[in-house]
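Now for the letters of each chain:
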Amino acid sequence: MKRTLDFIDHQIISLLQENARMSLKDIAARVFLSSPAASARLEKLEREGYITGFHASINHEMMGYHIKAFITLAVDARLKDEFLENMRRCRNVIECNCITGDYAMLLEVVYPNTEALERFVGKLQKYGKTQTQIVFSTAVEHRELSPEVEIERAG
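Residues numbered from 1 in each chain as written. Predicted model: local features only at pLDDT ≥ 70, side-chain atom pairs only at ≥ 80, totals over all residues. Heavy atoms only, no water.

A.B. asks: Looking at this model, I keep getting lost on the layout of surface pockets. Mind explaining?
C.D. replies: Think of a ball as big as a water molecule: rolled over the atoms, this probe shows where empty space is left. Of the volumes computed, that of the second largest pocket is approximately 340 Å³. Lining the second largest pocket are 14 residues, with H60, R91, N92, V93 and I94 positioned closest to its centre. Mapped by element, the contributors of at least two residues to the lining of the second largest pocket are α4 (80–89) and β2 (93–98). Take the lining of the second largest pocket: its biggest share by element is 4 residues, from β2. Taken together, the residues that form the lining of the second largest pocket break down as 9 nonpolar, 2 polar and 3 charged. (1 Å grid on protein atoms, 1.4 Å probe; cavity = no way out; pocket = protein on both sides within 12 Å on 5 of 7 lines; lining within 4 Å. Points joined across faces, edges and corners; volume = space filled by probe spheres on them. Helix = DSSP H or I, 4+ residues; strand = E, 2+ residues; numbered from the N terminus. Nonpolar A, V, L, I, M, F, W, Y, C, P; charged D, E, K, R; others polar.)

Right, here's the structure in full:
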């Protein structure tokens, strides 16, 4: 059963989202706990699945991936398992979501150029109909949810 996070847990998560390299000593000081107490909380948040990992955010363009695209795919149900396995292995696929609607999958991909993207889309077409949108610019970069910020709800 999922437990309710308290204020300190929320603070720890927020601090790590701001800087995943923050030292345990700094986290402890910011949440007014001893280092062992902060460490125990952090380990518990990881063990329970609230924190799923630590990573560096990469600038894809600086790494040579100048084309970002979103591809929707109406995947043939008989080929779904094969498709998903291939997407897990493809390092250019930075996200793959099962979605509702006319298409079953939504991929976010990065490629160095449109020719490489075109080759990838051509390979995808064995799984079903595709539709591709190339990103011109990104107004809001991917970000994590801040646990202390109330999320605006439609309605």
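A.B. asks: I would appreciate a short explanation of the packing of helix α2 (residues 24–31) against helix α3 (residues 35–47) in the present structure.
C.D. replies: When two helices pack together, their arrangement is given by the angle between their axes and by how far apart the axes lie. Their axes nearest at 8 Å, the elements α2 and α3 cross at an angle of 100°. Between α2 and α3, the angle falls in the class roughly perpendicular. Here L24, K25 and A28 of α2 lie close against α3, whose contacting residues are S35, A38 and S39. Looking at the contact of α2 with α3 residue by residue, the class counts come to 3 nonpolar, 2 polar and 1 charged. (Axes fitted to C-alpha atoms, helices over the stretch in contact; angles between N-to-C directions. Parallel < 35°, antiparallel > 145°, perpendicular 65-115°, else oblique. Contact = heavy atoms within 4.5 Å.)

Scope: geometric values only; no functional claims are made or implied.
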